[in-house]
Each structure stands twice: as structure tokens, then as C-alpha cells.
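Observations on chain architecture
Read off the chains here:
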Amino acid sequence: MTALPDDAENAQNEQIGEQSAGMDAGADSQLDTHADASYTAQDLEVLQGLEGVRLRPSMYIGDPNIRGLHQLFNEVVDNAVDEALAGFCDRIEITLIDERTCSVRDNGRGFPIDIHEETGLSGLETVMTMLHAGGKFGGRGYKVSSGLHGVGVSVVNALSRWLEVEVCRDGTLYKQRYERGVTVTPLQKLGKCKERGSRVTWCADETIFKEHRYDPKLMLARIRDLAYLNPKLTFVWHDKLHGEEPITIRHKRGISELVEHLNEGKDVLHKVVHFSRTRDDVEIEVALQYHDSYSELILTFANNINTTEGGTHLSGFKTALTRVINAYARKTGILKDKDLNLTGDDVRDGITAVLSVKLEHPQFEAQTKIKLTNFEVEGLVNSTVGEAFGEFLDENPSIARKIVEKGLVARRAREAARHSAELVRRQSGLEHLSMPGKLVDCIERDPSLCELFLVEGKSAGGSAKEGRDRRTQALLPLRGKILNVERARIDKALANEEIRCLITVLGTGIANSHTSSNGVEEESQNGSFDLKKLRYHKIIIMTDADVDGEHIRTLLLTFFYRYMRPLLEEGHVYIAQPPLFCIRAGKDERYYAASEEDRDAIVKSLRAKNKTCTVSRFKGLGEMNGQELFETTMDPESRTILQVQYDPEVDSESAEEIFSKLMGDKVEPRRAFIERHAKEITDIDWDY
């Protein structure tokens, strides 16, 4: 989850009017004239080679933004991992050279360099310059692979300013270069080599990706996932761009280690349950562990691809889990005949699980492979997980009882929460007169034009009320720190006055993200989330620039992440950036600085002009008068606000780690996390 500048803050909305008029005889005559214009085969445009990829990149990589840029990286790395899946590679070296240039080297078989009969080109050039060319269609080259459409590496080639491939094969080193998908050198023999494998180095085309740069954190997260999923494979990561030393990554215990990593900030109920079985040529591997918290996280993979929207394998897993736990509860008498079965939400309360399937012919919704659609996989996973997990429950009755009892507690909590949620939903649907008394509403009723400022305390609320633009800016003062929902069941969260007030004011209801998987929101029994009912399209967290303010901001973000995650996904949440310092020169000149560096620069500039200046520091928003607060922090024409962005395809694991460790019960993981990332913090006034 990231916070980005609101670049569009001062943009004006353009309105396009449409005029309609009847068509008279003159108009008919004009239409007939246009109809006479020729349209022949000569008007058709035929795109050669990879030109179509460059013209419509979104069809192949999702979008030409940061996600699409990293999709190039994923495609090349996935090709190397496919060599490992085929049993020919055990080491992959990845180097970030500069902001758009990467290199991936594997010790696999190397791209084929003999001539392809149909194309008349080498196997390397065929794969690099032609769509739907590869060894992943008939199963002769790869039985199991992450590639499906045969367009991955050729798309990388098409969308790169240049790309070079080195191949060590049969004792000879070969090299070939391409520019924007076009071959510019013949396949060259450079000499002898003792090793084998391929190295692909590419520079993403700046005309396609424009201002976007590779993010080493995202790349490293993908590498770690692959290391967990392929325990026999060693990765070496080298960030030359930032001058980092190479690091070696290998996880010998595979996805069991991933589950343990995800649960570092939680008190777990048992050791990781792991099983791997093959049925009908589909390899199914599961690792799961319950903890005493209330969040659910299920990560799913198909042929090493993170299927962030789940699919048939996830459906089969959920069905099996619910069926087996209910069957065990009834067999042991924990659930009586008169009792209703536990729901899926109940049995998944407090679970962390990783599900990986590997199959010969995976089917995905799109080239970016975010949802598995093979219908046969659902039944295979259902039966396999049912058998294996059922055996575990039978063999571990004390753990099984804990899991069932946790589900029963979750059911009671959800039943209590349902009543609270229904009350909140009714209040959310009422008109303005039923809004909480502390809300200072705006006049405008078009949500797209309205802003809601969440402010801490009465003094800050008073200044904001005095300075706001009452036409479009509403205020909701919060009393101290809201409840930490990471440590509270949903019924406790909905019983909290400040949280109930916030839900009522926003009007959307809640989507209990404690019961979401893979970042996909689901409607739970506690109610549904309706983004169309959002009353304010900008929700701006405006807290003091000190440790307490940062804590309140984190509590609010935790609440939004757990119960209103679509607000983050759709970019409705912002963070205000109030100044820390006011610099006065003479009677009328005032300057504001958000950091010590800005303050020093302003003072230096004023003194260079022989002006005497005084510097004061704001210890809180309440120290500003209404005019100052509006000018520095609330005025759309001059303010700086950060938009919080959450992409489930990129951020799901890192966000879970942050919230569970920072806001969970365990102290040691939180301390380690803070110590590891302390140097990255630059905007907190620790001296306050």
C-alpha cells in the first residue's frame, strides 16, 4: 500500500455538451455524400510482427503503467523458473542494472539455436520475435509451465527499447540483439563456454512506460514468492542500481516457511499443516495454520503464478475446509443435531494458508493470469484437501477442537455483529438530519465534489471548521485514538462509538476484509459494502505531524484496510500534509515548511535577501487559526495531499505483514519491523 501525490488536485473538470437536432433533407444529402466514400481492402492496415503489441500493450501486460512494467520482469523470470520446473535449472540470477534495465540468467538448457523448419529462423529468434511461439503448447518442451499463450518473452522484446540474449549451449556462447522487437544483429558465435543456460537483458521502452521505474521491493517480493514455491531453486538478487550487495534467497521448506513468515506477528494455535499430493497429473500443495487473531489470508498460486483473484482451486479449497470441519464437529459431538453448520466465514476465521497447484494445461482469464478457470481443478482440490485435512484433524484431536471452537466463537461474534451492522446500515441510509451530531457537513450533495476531513480533537476541529470551504468540505472530529481493529473481533469493532460514527457518515456499509482472500472482497454474513453510496469521494486523514498523529493515521488506515478496503483500492483515501514550521519575514510575509530541510532552505533564501526572519513550529493543527489551516493544508489550490493506493495484485502480502506486525499483539515482530524500516521514515516529528 502506497501514498502518492494527488497530481490531479487542481485539474478542472471538463464538461462536454451534446446537442441534438432533426435531420432535414439537406442533412440527408450530406449523409449520402459521405456514404459514397470508398472503403476497400486498401484501407485495411496489417500490422507486421510485434507491431500490434506496441500499439495495444494493455492487451498483453494489463496496462502500460507500473504493473505492466513489472509484468515484463515476471515474464522473463517465469521463463527461467519453467526450466526449473522441467528439472533443468536450479539457480537463477537477477540483476537490476538501472531504473528500466534488468538481467535474468539461469543455468537451464538455454534457448534453442538450431533452425526452426517453419520459420527459417533460429529457435531463439523465433521465440523472441513471434507471438504464440514456444515449447508450451504440445507439452514437448515443458510439461508444466507458467507460460500459456506463448507471448511472454516476445512481448517483453516488443516493449523494450533494446533486448539482448546470451545463450550457452553445447559448449558455445551465442548472442543476439533486438530493438523494439526487431532483430538488429544476426545470431553471433562469441566463443566457447563451460556453463549452460541463458541470460536475457532488456531495457523497457520509455515511450511505452514513460515515467515508470522498476521498484526493487516489488521485484524482490516476487522472487521471494518463487523461492517459497520452488524450494529446490536458488535465487541470487543483485540491486546494482542502489549499490546493494548480492543476496542469496532459498527456502528449503517451501510454502510452510511462507505461512510462518506471514504469521510472525500472530499467536498461532498449532504448527503449520503441510501436505502435497498429485491427482490426475495435478500437483496440489497446501500449507495452513490458524492463529488467535481474526484476519484471514489465503494466497493461491497456479504454476507459480500468484492468482490474486483466486479461481477454481480456491473454490475447491474453501469448500473442502468448510465440509471437513463441520463433519469433524458433528462426528465428535461438538456440533449437536439441532445446531446449524458453521459457515465458510466461521471456519476461515484466523487462518493463513497457501495453496499451490501445478498442472499441464492451465487456463486463465487473461494473459496476466490472475484467475484460474480450469473447472476440473475445483473437484480435485476439494477431494484432496478434504482427505488430507480430514486425516490431520482425526490424528490431532486437541488441535482440531481448538479450530472448531474458534469457528464457534467466530459465529457468535458474527451474529452479534450482524445486529450492530444492521443498525449502522439503517443509520447510514437515513437523511442528513440523522447524521451524528459531531459531523460538520458540507452544503454540496454531489459526492464527487465533496471532501470529508477526519481530524483529531476539538481544537483541530475548531480551526478546521473556521477555515473550511463549507460548500464542499465536511469535518468529522475524532475523539482520541479509535479502536485498533486488528486486535478486536468484528462485534467489538462495530460496538465502538467512533467506528460506528465513521461507518454511518461514509454511508457505504462495511466489507469485512477479515474474511477476504487474495485481496478479493466478498460479501459476508455481516453485510455488504456498496461503494455507490459513498457520500464523500475524498476522505482526507488530517492529523498532527507527530507520533500521536501518525498512530491515529495508522489506526484509521487499519480500519479502512480491514473493513472498507474498496476505498483504498479505488483511491478515495488521502493523507493531508500539514506544515511543521511557519517562517515570518517582516509584518506581512509568511512561509510554511513541511520539513526541516524546507525550513532551512526558506530561511537561507530570506537571509540572502537581507531579511530578518523568525521561525515557529506548529506542535499541532489546533495551533493554527482557521485561515492558516486552510491556506496550508485544506485549500485545493495550494495544498499537498497524498493519495493512498492499494493494489491487491502487488500489495496483498506486504500489507498483511505491515498491519499484522505493526498493529497485532506480539511485541517482538513489531520491534524487529520498526528497527528494520526506521531509516525509511522521514516525515515524523519525533521530538514533539
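Procedures and definitions
- Residues numbered from 1 in each chain as written.
- Predicted model: local features only at pLDDT ≥ 70, side-chain atom pairs only at ≥ 80, totals over all residues.
- Heavy atoms only, no water.
- Helix = DSSP H or I, 4+ residues; strand = E, 2+ residues; numbered from the N terminus.
- Buried < 20%, exposed > 50% of the residue type's maximum accessible area, 1.4 Å probe, protein only.
- Contact = heavy atoms within 4.5 Å.
- Areas by Shrake-Rupley, 256 points an atom, 1.4 Å probe, with all protein chains shown as cover.
- Pairing = 2+ DSSP bridges.
- Axes fitted to C-alpha atoms, helices over the stretch in contact; angles between N-to-C directions.
- Core = buried A, V, L, I, M, F, W, Y, C linked by side-chain atoms within 4.5 Å.
- Arc of directions from axis to C-beta.
- Salt bridge = Lys/Arg side-chain N within 4 Å of Asp/Glu carboxyl O.
- Phe/Tyr/Trp six-rings, centres within 6.5 Å; stacked < 30°, edge-to-face > 60°.
- pLDDT = per-residue confidence, 0-100.
- Parallel < 35°, antiparallel > 145°, perpendicular 65-115°, else oblique.
- Left-handed = near helix turned anticlockwise from the far one by under 90°.
- Nonpolar A, V, L, I, M, F, W, Y, C, P; charged D, E, K, R; others polar.
- Polar contact = N/O pair within 3.5 Å; in protein donor to acceptor, adjacent residues only side chain to side chain.
- Expected span 1.5 Å × (residues − 1).

Remarks on the overall build of the protein
Looking only at helices and strands, one finds 22 helices and 23 strands in the protein. Of all 688 residues assigned to the protein, the portion counted as buried reaches 53%. Taking contacts inside the protein between residues at least 6 apart in sequence as the whole, the part at least 24 apart equals 70%. Carbon and sulfur atoms provide 48% of the accessible area of the protein, an area that totals close to 32,800 Å².

Focus on unusual backbone geometry
Located in the positive-phi region is Lys 210, a residue other than glycine, with phi close to 50°. Within the fold, Lys 210 resides in the loop between helix H7 (206-209) and helix H8 (216-229). We note that Asp 280 has phi near 50°; this positive angle belongs to a residue other than glycine. Positionally, Asp 280 belongs in the loop between strand S11 (273-279) and strand S12 (282-290). With a relative accessible area of 62%, Asp 280 lands in the exposed category.

Section: the sheet that holds S11
The mixed open sheet is built from 5 strands, whose spatial order is S11-S12-S15-S13-S14. At either end of the open sheet lies a strand with only one pairing partner, and these are S11 and strand S14 (305-306). As defined by bridge partners, S12 adjoins strand S15 (residues 351-358) across 8 bridges and the pair is classed as antiparallel. Directly across from Glu 283, in S15, lies its bridge partner Lys 358. Relative to the sheet, helix H9 (residues 255-262) contacts S11, S12, strand S13 (297-302) and S15, its axis offset from that of S12 by approximately 30°.

A few points about the nonpolar core
Ranked by internal contacts, the top residues of the largest apolar core, which has 48 residues, are Trp 202 and Phe 235. A per-element tally of this core places helix H4 (residues 66-85) first, with 8 residues. Ignoring any residue separated from it by four or fewer positions in sequence, one finds Phe 235 in contact with Val 81, Ile 92, Ile 94, Ile 223, Leu 226, Ala 227, Ile 247, Thr 248 and Ile 249. Of all hydrophobic cores here, the second largest spans 47 residues; its members include Ile 499, Leu 555, Tyr 563 and Leu 642.

With respect to helix H20 (residues 626-634)
Residues of H20 that are buried: Gly 626, Glu 628, Leu 629, Thr 632, Thr 633 and Met 634. Taken end-on, H20 shows its buried residues confined to a sector of 155°, consistent with a single buried face.

Remarks on the pattern of salt bridges
The final tally for this structure, using the stated rule, is 36 salt bridges. Arg 222 is paired through a salt bridge with Asp 78; the nearest N and O atoms lie 3.0 Å apart. Placement of the pair is Arg 222 in helix H8 and Asp 78 in helix H4, with a sequence separation of 144 residues. Notably, a salt bridge pairs Arg 599 with Asp 600, separated by 3.0 Å at the nearest N-O pair. On the accessibility criterion, Asp 600 (42% relative accessible area) is partly exposed. Linked by salt bridges that have partners in common, Arg 54, Arg 161, Arg 180, Asp 205 and Glu 206 make up one network.

With respect to the packing of aromatic side chains
According to the stated counting rule, one finds 5 aromatic pairs in the structure shown. Ring geometry for Phe 389 versus Phe 392: centroids 6.0 Å apart, planes at 15°, classification stacked. With Phe 389 and Phe 392 both in helix H12 (residues 375-395), this residue pair falls 3 residues apart, about one helical turn. For the pair Phe 389 and Phe 392, a shared accessibility class is recorded, and that class is buried.

Examining the sheet that holds strand S22 (residues 613-617)
What holds strands together in a sheet is hydrogen bonding between their backbones, with the strands either parallel or antiparallel. With antiparallel pairing, 3 strands are arranged side by side in an open sheet as S21-S20-S22. Strands at the two margins of the open sheet, each flanked by one partner only, are strand S21 (589-593) and S22. Averaged over neighbouring strand pairs, the angle between their axes works out to 20° when direction is ignored. Looking at chain direction, strand S20 (residues 581-585) and S21 are connected through 5 bridges and run antiparallel. Across the sheet, Cys 582 pairs through a bridge with Tyr 592, a residue of S21.

Considerations on the confidence of the model for the protein
On average, the protein scores 83 in pLDDT, and the residues at 70 or more come to 80%. Note on residues 7-35: pLDDT is under 50 here. Beyond four places in sequence and across chains, it has 10 contacts. Segment residues 681-688 is flagged for pLDDT under 50; beyond a separation of four residues in sequence, or across chains, it makes 15 contacts in the model.

Remarks on the packing of helix H16 (residues 497-506) against helix H17 (residues 547-563)
For the pair H16 and H17, interaxial distance at closest approach is 12 Å and the crossing angle is 60°. One way to sum up the angle between H16 and H17 is to call them oblique. Our pair here, H16 against H17, has a crossing hand that is right-handed. Taken together, the residues of H17 that come into contact with H16 (itself represented by Ile 499, Leu 502, Ile 503 and Leu 506) are Leu 556, Phe 559 and Phe 560. Here the residues of the contact of H16 with H17 are counted per class, giving 7 nonpolar, no polar and no charged.

Remarks on the side chain of His 270
As for its position among the elements, His 270 is in the loop between H9 and S11. A distance of 3.0 Å separates a polar side-chain atom of His 270 from the backbone nitrogen of Tyr 290. Contacts of His 270, omitting those with residues within four sequence positions, involve Leu 288, Gln 289, Tyr 290, Ile 399 and Ile 403.

Examining the environment of Ser 295
For Ser 295, the position within the fold is in the loop between S12 and S13. Judged by its relative accessible area of 2%, Ser 295 is buried. Taking the C-alpha atoms as reference, Ser 295 lies 9.3 Å from Arg 489; in sequence the two are 194 residues apart.

Focus on helix H10 (residues 312-331)
Its 20 residues place the ends of H10 28 Å apart at the C-alpha level, agreeing with the 28 Å of an ideal helix rising 1.5 Å per residue. Burial runs high along H10: 14 of the 20 residues are buried. Positive phi appears at Gly 333, one or two residues downstream of H10, with a value of about 85°.

Observations concerning the side chain of Asp 346
Mapped onto the elements of the fold, Asp 346 is located in helix H11 (residues 344-347). Engagement of the side chain of Asp 346 in a polar contact is seen with the backbone nitrogen of Thr 343, the distance being 3.0 Å.

Considerations on the environment of Arg 277
Inspection of the secondary structure assignment puts Arg 277 in strand S11. Exposure remark for Arg 277: the relative accessible area of 28% places this residue in the partly exposed category. C-alpha of Arg 277 to C-alpha of Val 357: the two residues are 80 residues apart in sequence and 9.8 Å apart in space. Contact partners of Arg 277, with chain neighbours within four places excluded, come to Val 282, Glu 283, Ile 284, Thr 384, Glu 387, Ala 388 and Glu 391.

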